[in-house]
Amino acid sequence: MDNQTNKEFFFFITEEWEDERIDKVLNGLIGSLSRSYIQKLLKDNHVTVNQAGVKANYRLKRGDEVRMELPSVAKTDILPENIPLDILYEDEDVLVVNKPKGMVVHPAPGHLSGTLVNAIMYHCRGNLSGINGIMRPGIVHRIDKDTTGSVIICKNDFSHNHIAAQLKDHSVVRRYRAICYGNCKESGGTIHVPIGRHPADRKKMAANVKNGRNAVTHYKTLQNFSGYTYIECSLETGRTHQIRVHMASIGHPLLGDEVYAGGRKSPFRLEGQCLHAKTLGFIHPRSGKYIETDAPLPGYFVHLLEIL
């Protein structure tokens, strides 16, 4: 690399990088930037080759002059908040927390307080990855507001890149507990149905829609009750609302799910779907050891099982 400032990278392509994709090469040269972020920089014309914009799949040629400008970091109105955290695991690279019901993971315009991000900003004192932008520091994945359980937080870009890669290749263990409507006759099964935006309601997801993305959920029956089933679901992929959409697609929507239950009203006092991210397992980005955490079932879930 011939020249580097705080905002710009500049170099010529040599034989070792010839015919490689530009996003792959930049990711290898600048390990602190994820490949998806580099692809965004390419899309937004922050990267040029021979003073011209290129796409992420551009194959480099020997002698190409590559320049990449990093946008200055924007200031954020998000403030740290002293919100108690239920910590399942923590070290200098990662933090795993047991998110309570009703807490949003990351802020959005008009909703900048009371989120998990506000809480971890206070707890981590600024030591969070920045790859997902100023609104999502440390966030590498998320769960819904009314889903409880395990969320992993990355304290630096090194750990973020490693965990993001594991999520992408589906090697992160994610096991959920849920209660669904109806009795599952089978002991378990696999739902392999693509998921995409609902064609009529863009706030919802739907199964088997045009241009849907590959989605795989494994489920097993833990216990049948009168009109309900206690199940465990394992995610092979991580699409938005995946378990909720998949279970609804086989006629067993989650108890309390006001979006995908087809108008069914829960006879119990619930705040949203009965879904808990119980087990989270991953390879530690620095030590290479397998780490697995277990989030105990929340009180409302235990009480509901007792009632059933």
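The residue count restarts for each chain, going from 1 along the sequence in the order it is written. Two thresholds apply to this predicted model, a pLDDT of at least 70 for residue-level local features and 80 or more for giving and counting side-chain atom pairs, whereas whole-chain, interface and lining totals are computed over all residues. Hydrogen atoms and water are omitted, and side-chain values are computed over all heavy atoms in the structure.

A. How the structure looks around the overall build of the protein chain. Only DSSP runs of H or I reaching four residues or more are called helices, and only runs of E reaching two or more are called strands; each is numbered from the N terminus. For the protein chain, the helix and strand inventory stands at 6 helices and 16 strands. Across its three principal directions, the C-alpha atoms of the protein chain cover 70 × 45 × 40 Å. In the protein chain, the proportion of contacts linking residues at least 24 apart, taken out of those at least 6 apart, comes to 64%. Only the protein chains shown count as cover for residues, with accessible areas throughout obtained via the Shrake-Rupley method and a probe of 1.4 Å. Working note: accessible area of the protein chain is about 15,900 Å², and carbon and sulfur atoms make up 48% of it. Should any heavy atoms of two residues lie within 4.5 Å, those residues are considered in contact.

B. View of the environment of Tyr89. Here Tyr89 is to be found in strand β6 (residues 87-90). Relative accessibility thresholds used throughout: buried, under 20% of the residue-type maximum; exposed, over 50%; partly exposed, between the two (1.4 Å probe, protein chains only). For Tyr89, a relative accessible area of 23% corresponds to the partly exposed category. Apart from residues lying up to four places away in sequence, Tyr89 is in contact with Val94, Leu95, Val96, His284, Ile291 and Thr293. In terms of polar contacts, Tyr89 uses its side chain to reach the side chain of Asp91, at 2.6 Å. We define a polar contact as two N or O atoms separated by no more than 3.5 Å, with the added condition that, inside protein, one atom must be a possible hydrogen donor and the other a possible acceptor, whereas residues neighbouring each other in sequence contribute only through side-chain atom pairs.

C. Representation of empty space enclosed by the protein. A pocket, in this scheme, is an open set of points on a 1 Å grid over the protein atoms alone with protein on both sides within 12 Å along at least 5 of 7 lines, while a cavity is a set where a 1.4 Å probe fits but cannot get out; residues line either one if an atom lies within 4 Å of a point. Grid points are joined across faces, edges and corners, and a volume is the space filled by probe spheres set on the points. Applying the stated criterion across every chain yields a total of 1 cavity of 30 Å³ or more. When its volume is computed, the largest cavity comes out at roughly 40 Å³. In this structure, the largest cavity is lined by His141, Ser150, Arg174, Arg175, Tyr176, Ala277, Lys278, Thr279 and Leu280. Elements supplying a minimum of two residues to the lining of the largest cavity: β9 (173-181) and β15 (275-283). No other element matches β15, which puts 4 residues into the lining of the largest cavity. For the lining of the largest cavity, a count of residues per class yields 3 nonpolar, 3 polar and 3 charged. When residues are grouped by polarity, Ala, Val, Leu, Ile, Met, Phe, Trp, Tyr, Cys and Pro land in nonpolar, Asp, Glu, Lys and Arg in charged, and all others, Gly among them, in polar.

D. Molecular detail of the pattern of salt bridges. Salt-bridge detection follows one rule: a side-chain nitrogen of Lys or Arg within 4 Å of a carboxyl oxygen of Asp or Glu. According to the stated counting rule, one finds 14 salt bridges in the structure shown. Measuring nitrogen to oxygen at the nearest pair gives 3.4 Å for the salt bridge that ties Glu18 to Arg62. With a gap of 44 residues between them, Glu18 in the loop between β2 (8-12) and α1 (22-29) and Arg62 in the loop between β4 (52-53) and β5 (65-69) connect regions that are remote in the sequence. Here Arg62 falls in the exposed class, since its relative accessible area comes to 53%.

E. Expanded view of helix α4 (residues 157-168). Relative to the 16 Å expected for 12 residues at 1.5 Å per residue, α4 spans 16 Å between its end C-alpha atoms, a close match to the ideal helical length. Packing partners of the buried residues in α4 comprise β7 (94-99), β8 (148-154), β9 and β15. Looking one or two residues beyond α4, the residue adopting positive phi is His170, at roughly 65 degrees. Working rule for helices: expected span equals 1.5 Å times residues minus one.

F. Here's a closer look at the layout of surface pockets. Its volume calculated, the largest pocket comes out at about 1,600 Å³. Taken together, 40 residues form the lining of the largest pocket, with Val140, His141, Leu167, Gly238 and Arg239 sitting closest to its centre. For the lining of the largest pocket, the class distribution of residues is 13 nonpolar, 17 polar and 10 charged.

G. Region of interest: the packing of α1 against helix α2 (residues 35-43). Comment: axis = line fitted to C-alpha atoms, over the contacting stretch for helices; angle = value between 0 and 180 degrees taken between N-to-C directions. Where α1 contacts α2, the two axes come as close as 9 Å, and the packing angle between them is 125 degrees. When the axes of α1 and α2 are compared, the pair comes out oblique. Handedness of the crossing formed by α1 with α2: right-handed. When α1 is examined against α2, the residues Ile22, Asp23, Lys24, Leu26 and Asn27 are found in contact with a partner set consisting of Arg35, Ile38, Gln39 and Leu42. Residues belonging to the contact of α1 with α2 are distributed by class as follows: 4 nonpolar, 2 polar and 3 charged. Should an angle fall under 35 degrees it is taken as roughly parallel, and over 145 as roughly antiparallel, whereas 65 to 115 is taken as roughly perpendicular and any remaining angle as oblique. Handedness of each helix crossing follows the sense of rotation of the near helix against the far helix: counterclockwise by less than a right angle gives left-handed, clockwise gives right-handed.

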